[in-house]
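Spelled out, the chains give:
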Amino acid sequence: AQSVTQPDIHITVSEGASLELRCNYSYGATPYLFWYVQSPGQGLQLLLKYFSGDTLVQGIKGFEAEFKRSQSSFNLRKPSVHWSDAAEYFCAVGRTDSWGKLQFGAGTQVVVTP
Amino acid sequence: NAGVTQTPKFQVLKTGQSMTLQCAQDMNHEYMSWYRQDPGMGLRLIHYSVGAGITDQGEVPNGYNVSRSTTEDFPLRLLSAAPSQTSVYFCASIGGRGPNTEAFFGQGTRLTVV
């Protein structure tokens with residue numbers, strides 16, 4: 001069975017500093033990988049996705065993620081965070097044999113300090 | 001989130017009451033699903049549908065029913081509400097394949113069972 005682990009429940013970062021959110025997955029084949037962001041009281045917005053090809057994926061809002069097969073990881077990064085990046089971030093895995101069944105991690109809450 | 005409409009946004013139920021959460025999409029997507037979001041647990045799949053007339057159980061299906069009579073609509077029914085069903089519910093609509101996969105989420109329904 002597939003699983004997704006986001007090791008960091010909560011991260012505090014200063015505005016202007018870099019941010020990296022970790023995501024590890026367990027799946028026998030090459031998965032589809034997603035990062036979503038959720039602002040308080042809102043739905044989920046897709047930041048970026050990976051299916052194949054270039055392992056460094058660019059997304060919206062200045063985010064990027066790198067797929068590392070050897071480490072079963074798909075970490076999200078942003079070089080310089082803005083106060084508006086404070087939100088909860090979810091990593092999700094989709095299966096190539098059941099492409100619509102997304103498995104989500106528990107989420108990482110990001111707090112941005114002045 | 002474009003194309004996925006969930007109603008209601010908020011609901012309070014008494015234990016034992018039944019209700020239906022509505023979800024509609026206008027993107028002609030084959031795949032629709034319902035998730036519940038609880039603190040520290042991310043989103044968990046309740047039920048999903050790969051097309052009109054086809055539904056299946058996800059990770060946490062107990063206490064919920066679904067049907068998919070049309071491509072556009074995928075209602076979620078709570079048969080006899082319990083406090084454990086207090087949660088935020090999200091409907092998702094997924095279309096495309098591989099790199100063209102699009103996943104859109106509704107704004108969520110915050111349900112409280114007292």
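This section reports on the structure supplied with the text. (Residues numbered from 1 in each chain as written. Chains lettered and ligands numbered in written order. Predicted model: local features only at pLDDT ≥ 70, side-chain atom pairs only at ≥ 80, totals over all residues. Heavy atoms only, no water.)

## Looking at the interface of chain A and chain B
Next up, step 1: On the chain B side, the residues contacting the 18 residues of chain A number 25 residues.
Next up, step 2: The interface formed by chain A and chain B contains 0 salt bridges.
Next up, step 3: Our count for the contact surface shared by chain A and chain B stands at 3 residue pairs in polar contact (both at pLDDT 80 or more).
Next up, step 4: Elements represented by at least two residues in the side of chain A that touches chain B include exactly strand S5 (32-38), strand S6 (44-50), strand S10 (87-95) and strand S11 (98-104) of chain A.
Next up, step 5: A total of 6 residues in the side of chain A that touches chain B trace back to one element, the largest contributor, which is S11(A).
Next up, step 6: When its residues are assigned to classes, the side of chain A that touches chain B shows 9 nonpolar, 6 polar and 3 charged. (Contact = heavy atoms within 4.5 Å. Salt bridge = Lys/Arg side-chain N within 4 Å of Asp/Glu carboxyl O. Polar contact = N/O pair within 3.5 Å; in protein donor to acceptor, adjacent residues only side chain to side chain. Helix = DSSP H or I, 4+ residues; strand = E, 2+ residues; numbered from the N terminus. Nonpolar A, V, L, I, M, F, W, Y, C, P; charged D, E, K, R; others polar.)

## Details of the sheet that holds strand S1 (residues 4-7) of chain B
Pairing between the strands of a sheet comes from backbone hydrogen bonds, and it takes one of two forms, parallel or antiparallel.
Residues and elements named next belong to chain B.
Next up, step 1: Pairing in this open sheet of 4 strands is antiparallel, and the strands run S1-S3-S8-S7 from one edge to the other. If you trace the sheet from one side to the other, it starts and ends with S1 and strand S7 (64-66), each paired once. If you compare each strand with its neighbour and ignore which way they point, the axes differ by 20 degrees on average.
Next up, step 2: Strand direction decides the pairing type here: S7 and strand S8 (residues 76-78), joined by 3 bridges, are antiparallel. Among the inter-strand pairings, Tyr 64 is bridged to a residue of S8, identified as Leu 78. (Pairing = 2+ DSSP bridges. Axes fitted to C-alpha atoms, helices over the stretch in contact; angles between N-to-C directions.)

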